[in-house]
Amino acid sequence: MPAALVRSVETFIVDIPLRRVHKLSRAVLTHQSYLIVRLTTADGVQGIGEATVPGGPWWSGESVEAMRALFLNHIAPLLDGRDIFSANAIMAEIDQVAYANAALKSAVETALLDATARTLSIPMSGLFGGRIADALPVLWVLATGELEADVAEAQAKIDAGLHRRFKIKVGRGDPGDDARRAVETASAIGCPCSIDLNEAWSFADSTRALAVLDGSGVDILEQPLPRADLPGLADLARRSSLAIMADESACSTTDMISVIRERAASYVSLKISKAGGPSRMLAIARMAQAAGINLFGGTALDSSIGTAANLQCCSTLPLAGGTELFMPLLLADDILEEPLIYRDFCVEVPSGVGLGVTIDDAKLRHYERK
Ligand code: MUC
Ligand code: MG
């Protein structure tokens with residue numbers, strides 16, 4: 001195999017507005033920021049990757065600003081002149097230079113694998129043994145914080161044939177009130193719903209809320225407790241008819257060992273950004289699969305670029321819970337030449353080479369932070 005050497009790397013911070021305000025337990029979003037990494041080989045092949053943290057540093061301590069500084073000062077020099085067919089070796093070297101920073105590492109590995117797959121003229125999923133699905137079910141995340149607005153939004157999504165499962169973001173108000181709002185929302189919509197707390201509840205809050213949620217249309221409870229409280233999650237799982245989904249508790253293979261040992265969850269939310277890239281996300285997935293834990297395709301509120309990368313990975317896995325790769329539809333604009341396709345309650349896995357998507361350079365420049 002002839003070498004394909006990295007000739008240049010570029011970064012772009014982009015801020016894309018949302019169609020409506022998105023309220024998570026500890027963040028209120030009017031826009032989402034991304035760090036895009038683009039590398040070009042000596043042959044002129046490009047690879048792109050995206051580093052995303054949902055709503056800023058509250059989720060993992062990472063931010064687009066800090067990631068860019070780390071990349072320019074410590075990681076870009078490692079990529080210069082390197083063979084893109086050595087992604088494993090390059091990522092191991094990056095680990096020696098920079099601790100943590102999963103989202104940035106995900107962008108770098110994605111760009112390397114995108115360029116590799118484009119050079120080989122195959123979709124990125126081909127690097128992982130090929131896809132087992134061409135379209136994946138996709139839920140919509142309700143996060144206006146208002147019952148009526150959430151129900152109206154859900155109804156419009158159902159009518160448009162886009163989504164028939166929903167995730168309700170709660171955790172900003174009283175736990176009992178939030179649980180009742182979620183139950184009423186699920187019952188008004190008439191579709192299965194999950195709720196995501198992003199670690200907002202205590203154990204006492206959770207047991208109080210479960211008294212309301214048990215036996216309702218809410219069937220999955222995502223990350224109610226702080227990420228380190230695995231015994232607490234396991235205790236909730238034993239007490240409740242709701243399935244527990246680990247998100248913040250399952251960011252690495254080491255985390256996954258603990259989740260499995262503690263029997264803390266029956267679903268795991270998979271995201272390339274929190275795992276540190278496609279390879280590590282797939283390693284977490286295989287561990288969960290071996291332990292009988294259901295696989296769910298999560299999002300860090302990725303744009304179409306990160307969504308395409310997650311789709312290339314998720315399409316190679318036996319997902320049991322579908323995906324929440326909805327974010328391109330919540331962004332007010334797209335930075336791709338051709339948007340991803342959402343239809344029949346699914347999102348299609350791009351079929352072209354690499355990530356299967358092409359950046360619209362004019363849009364990239366338009367949303368680039370000045
Ligand atoms: C998360 O924690 O799940 C996913 C959907 C959403 O609205 O927020 C993200 C992050
Ligand atoms: Mg979550």
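Residues numbered from 1 in each chain as written. Chains lettered and ligands numbered in written order. Predicted model: local features only at pLDDT ≥ 70, side-chain atom pairs only at ≥ 80, totals over all residues. Heavy atoms only, no water.

- Annotation of the chain in UniProt includes, under Cofactor (unreviewed entry), the sentence "Mn(2+)".
- UniProt annotates the chain under Pathway (unreviewed entry) with the comment "Aromatic compound metabolism." (UniProt positions renumbered as here; feature names shortened; annotations may be inferred.)

**Re the site of ligand 1**
Moving on, step 1. Neighbouring residues of ligand 1: 14 residues in total, closest His22, Lys167, Asp196, Asn198 and Asp247.
Moving on, step 2. In the model, an oxygen atom of ligand 1 is placed 3.4 Å from a nitrogen or oxygen of the Glu222 side chain.
Moving on, step 3. Relative to its free-state accessible area of 280 Å², ligand 1 is covered by the protein chains to the extent of 100%.
Moving on, step 4. Those elements giving two or more residues to the shell around ligand 1 turn out to be β1 (6–24) and β6 (166–169).
Moving on, step 5. Partitioned by chemical class, the residues of the shell around ligand 1 number 4 nonpolar, 3 polar and 7 charged.
Moving on, step 6. Each of domain 1 (6–122 + 361–367) and domain 2 (127–348) accounts for three or more of the residues forming the shell around ligand 1. (Near = heavy atom within 4 Å. Polar contact = N/O pair within 3.5 Å; in protein donor to acceptor, adjacent residues only side chain to side chain. Areas by Shrake-Rupley, 256 points an atom, 1.4 Å probe, with all protein chains shown as cover. Helix = DSSP H or I, 4+ residues; strand = E, 2+ residues; numbered from the N terminus. Nonpolar A, V, L, I, M, F, W, Y, C, P; charged D, E, K, R; others polar. Domains from an automatic or database assignment.)

**Considering the UniProt feature "domain: Mandelate racemase/muconate lactonizing enzyme C-terminal" (unreviewed entry) in the chain**
Moving on, step 1. Under the feature "domain: Mandelate racemase/muconate lactonizing enzyme C-terminal" (unreviewed entry), the UniProt entry names residues 147–243.
Moving on, step 2. Counting secondary structure, residues 147–243 comes out at 51% helix and 14% strand; the distance between its end C-alpha atoms is 23 Å.

**So, helix α11 (residues 304–314)**
For an α-helix the count is 3.6 residues per turn, leaving residues at separations of three or four pointing the same way.
Moving on, step 1. Taken across its 11 residues, α11 has 11 buried, putting it largely inside the fold.
Moving on, step 2. Restricting attention to buried positions, one finds in α11 the residues Ser304, Ile305, Gly306, Thr307, Ala308, Ala309, Asn310, Leu311, Gln312, Cys313 and Cys314. (Buried < 20%, exposed > 50% of the residue type's maximum accessible area, 1.4 Å probe, protein only.)

**Looking at the packing of helix α3 (residues 102–120) against helix α10 (residues 278–290)**
Moving on, step 1. As a packed pair, α3 and α10 sit with axes 8 Å apart at the nearest point and diverge in direction by 105°. Comparing their axes, α10 and α3 come out roughly perpendicular. The residues of α10 that touch α3, namely those facing Lys105, Ser106, Glu109, Thr110 and Leu113, are Pro278, Ser279 and Arg280.
Moving on, step 2. Residues that form the contact of α3 with α10 fall into these classes: 2 nonpolar, 3 polar and 3 charged. (Axes fitted to C-alpha atoms, helices over the stretch in contact; angles between N-to-C directions. Parallel < 35°, antiparallel > 145°, perpendicular 65-115°, else oblique. Contact = heavy atoms within 4.5 Å.)

**Points about the sheet that holds β1**
Consider a sheet: its strands pair through backbone hydrogen bonds, and that pairing is either parallel or antiparallel.
Moving on, step 1. Spatially, 3 strands are ordered β1-β2-β3 in an open sheet, and the strand pairing comes out antiparallel. The open sheet is flanked by β1 and β3 (46–51), the only strands paired with a single partner. The average undirected angle you get between the axes of adjacent strands in this sheet is 20°.
Moving on, step 2. In this sheet, strand β2 (residues 27–41) lies alongside β1 in antiparallel orientation, the contact comprising 14 bridges. Paired with Thr11 across the strands is Val37, a residue of β2. (Pairing = 2+ DSSP bridges.)

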